[in-house]
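# Fold and contact review
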Amino acid sequence: MRNLMYRNCIYRAIVLLVVGVVALPTMAATEQQSRLKVMFEAANELCPIRLGMIGSLKGMHYAEDGNEVVAAVELSNAGSRGLSGQHDDSLMKRQLFLSMSAPNAKPTWTAVADAGASVKYIYFFTDGRTLEVSLTPDEVRHAVENDMSEKEKSRIQASISIMMENASCPSGSAGLVLKSVKEKDGEVLYLLDVDESLHNIDLFQSKVAELRGNVERIYRTDISVRSQLKYFVGAGLGVHYIYRGTVSGREVDVVFTVDDLADILGLLRSSAPSMKI
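Below or above, wherever it landed, is the structure these notes cover. (Residues numbered from 1 in each chain as written. Predicted model: local features only at pLDDT ≥ 70, side-chain atom pairs only at ≥ 80, totals over all residues. Heavy atoms only, no water.)

It is worth spelling out the overall build of the protein at this point. A count of helices and strands for the protein gives 10 helices and 10 strands. Taking all 277 residues of the protein together, 50% fall into the buried category. Sequence-distant contacts in the protein: of pairs separated by 6 or more residues, those separated by 24 or more amount to 63%. Here the protein has roughly 12,900 Å² of accessible surface; of this, 51% comes from carbon and sulfur atoms. (Helix = DSSP H or I, 4+ residues; strand = E, 2+ residues; numbered from the N terminus. Buried < 20%, exposed > 50% of the residue type's maximum accessible area, 1.4 Å probe, protein only. Contact = heavy atoms within 4.5 Å. Areas by Shrake-Rupley, 256 points an atom, 1.4 Å probe, with all protein chains shown as cover.)

Printed below as a string of structure tokens:
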């Protein structure tokens, strides 16, 4: 089951630009822009920066003529699959808002907002295509001045996680293949095909408790999976596995409600949404 779960929290860094600087004092716009140029030239010296399986941050710079911060991300094969035809521009913008409001990044983006600059991320796919996600000066200002609720943060992280995990499908072995991962009706739905020439779907039905126990053990011990589940709980999402026979079409369900996940993670139920799955 381990390979069926989202294993790498680094996906959260897909649109995160981390630059360690202090807040700039109030100054004339032209002076602010000059400082931005120096600041991002220094930051560019740190590139490329690995972003885990997603790829790497190739470089960044401040374009004075357009008053724009530009960041280039070179996607890996996994990153290209994750964004190919699946990206949600609104979701990616909200992820940018989230990263900009983080305590270690907020001073940088406040300086960008004070200079009235826009921001553009350019993603380079392995097949030569590119994708651009841009923020206007007003959007940058909004990002640094409006803190998100914990539920909204969890919702963004959960959505990114689901999108990236679904990009890895199909995956699996030994007659059990994960076909898709999606959000539906308040659940994260994992659809798995069971090769009935190798496995008896009736056996799956008779061992639901054992299947559930195996998954729960991973939930209790795997740090990266637990991090992902916290986002699901914060977003009010349960988890639902459907094992489907490839010949008979029969389905076996293993379900964890939001309260189930909260209990497994050791969270107070009152800290999780009250919605039942």
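Further remarks concern the pairing of strand β7 (residues 176-184). Where strand β6 (residues 171-173) and β7 come together, 3 bridges link them in antiparallel fashion. Looking across to β7, one finds that S173 is bridged to L176. Counting the residues in the hairpin turn of β6 and β7 gives 2 residues, including A174, whose phi is positive at 55°. Of the pairings in the sheet, the one linking β7 to strand β8 (residues 187-194) comprises 8 bridges and is antiparallel in character. Following the sheet pairing, K184 is matched in β8 by E187. Count of turn residues in the β7/β8 antiparallel hairpin: 2 residues, of which D185 carries a positive phi of about 50°. (Pairing = 2+ DSSP bridges.)

Enumeration according to the criterion identifies 5 aromatic pairs in this entry. Between F40 and W109, the ring centres sit 6.5 Å apart and the planes meet at 50°, which makes this aromatic pair tilted. You can see F40 sitting in helix α1 (residues 29-44) and its partner W109 sitting in helix α4 (residues 106-114), a full 69 residues away along the chain. We note R212 situated over the ring of F256; from NZ or CZ to the ring centre the distance is 4.2 Å. (Phe/Tyr/Trp six-rings, centres within 6.5 Å; stacked < 30°, edge-to-face > 60°. Lys NZ or Arg CZ within 6 Å of the ring centre and 35° of its normal.)

Let us look at the nonpolar core. In this structure, L36, W109, V112, V119 and Y123 are the most contacted members of the largest nonpolar core, which totals 43 residues. When residues of this core are assigned to their parent elements, the largest contribution, 6 residues, is made by helix α3 (residues 89-100). Beyond its immediate sequence surroundings of up to four residues, V112 is in contact with L36, F40, V69, A117, V119 and V140. In terms of nonpolar packing, the next biggest core, distinct from the first, is built from 33 residues, I162, L192, L211 and F232 among them. (Core = buried A, V, L, I, M, F, W, Y, C linked by side-chain atoms within 4.5 Å.)

The strand order across the open sheet built from 5 strands is β6-β7-β8-β9-β10, with neighbouring strands paired in mixed fashion. Edge positions in the sheet fall to β6 and β10 (251-256), since each has one partner strand and no second. When strand polarity is set aside, the average angle formed by the axes of neighbouring strands in this sheet is 20°. As judged from the 6 bridges shared by strand β9 (residues 238-245) and β10, these two strands associate in the antiparallel manner. The residue bridging R244 from the neighbouring strand is E251, located in β10. Seen against the sheet, helix α8 (residues 208-221) touches β9 and β10 and runs at an angle of roughly 40° to β10. The sheet contacts of helix α10 (residues 258-265) involve β9 and β10, and relative to β10 the element is tilted by about 55°. (Axes fitted to C-alpha atoms, helices over the stretch in contact; angles between N-to-C directions.)

The next point concerns the environment of V144. Considering the arrangement of structural elements, one finds V144 in helix α5 (residues 137-145). Separated by 39 residues in the primary sequence, V144 and A105 have C-alpha atoms spaced 9.5 Å apart. With residues near it in sequence (within four places) discarded, V144 still touches M100, K106, W109, T110 and A113.

Take the sheet that holds strand β3 (residues 68-75) next. Taken in spatial order, the 5 strands make up an open sheet running β1-β2-β3-β4-β5, and their pairing is mixed. Looking at the sheet topology across the chains shown, the edges are occupied by β1 (49-50) and β5 (130-135). Relative to strand β2 (residues 55-63), β1 is paired through 2 bridges, and the arrangement is antiparallel. For R50, the partnering residue across the bridge sits in β2 and is S56. Its contacts with the sheet put α5 on β4 (118-124) and β5, and the angle it makes with β5 is roughly 70°.

Glancing now at the side chain of S154. The residue S154 is located in helix α6 (residues 150-167) in this model. Not counting the four nearest positions on each side in its chain, S154 is found in contact with K230, Y231, G234 and A235.

Note on pairing: side chains with opposite charge can pair once their charged atoms come close. One pass over the full model with this rule turns up 13 salt bridges. Between E150 and K153 there is a salt bridge, with its nearest N and O atoms 3.4 Å apart. Taken together, the residues span about one helical turn, with E150 and K153 both in helix α6 at a distance of 3 residues. Looking at K153, the relative accessible area reads 27%, which means it is partly exposed. In this structure, D260 and R212 form a salt bridge, with 3.3 Å as the shortest nitrogen-oxygen distance. (Salt bridge = Lys/Arg side-chain N within 4 Å of Asp/Glu carboxyl O.)

To continue, consider α6. The terminal C-alpha atoms of α6, which comprises 18 residues, lie 26 Å apart, in line with the 26 Å expected from a rise of 1.5 Å per residue. Here α6 has its buried residues at S154, I156, Q157, A158, S159, I160, S161, I162, M163, M164, E165 and A167. In this structure, the buried residues of α6 make contact with α2 (77-83), α3, β7, β8 and α9 (223-234). (Expected span 1.5 Å × (residues − 1).)

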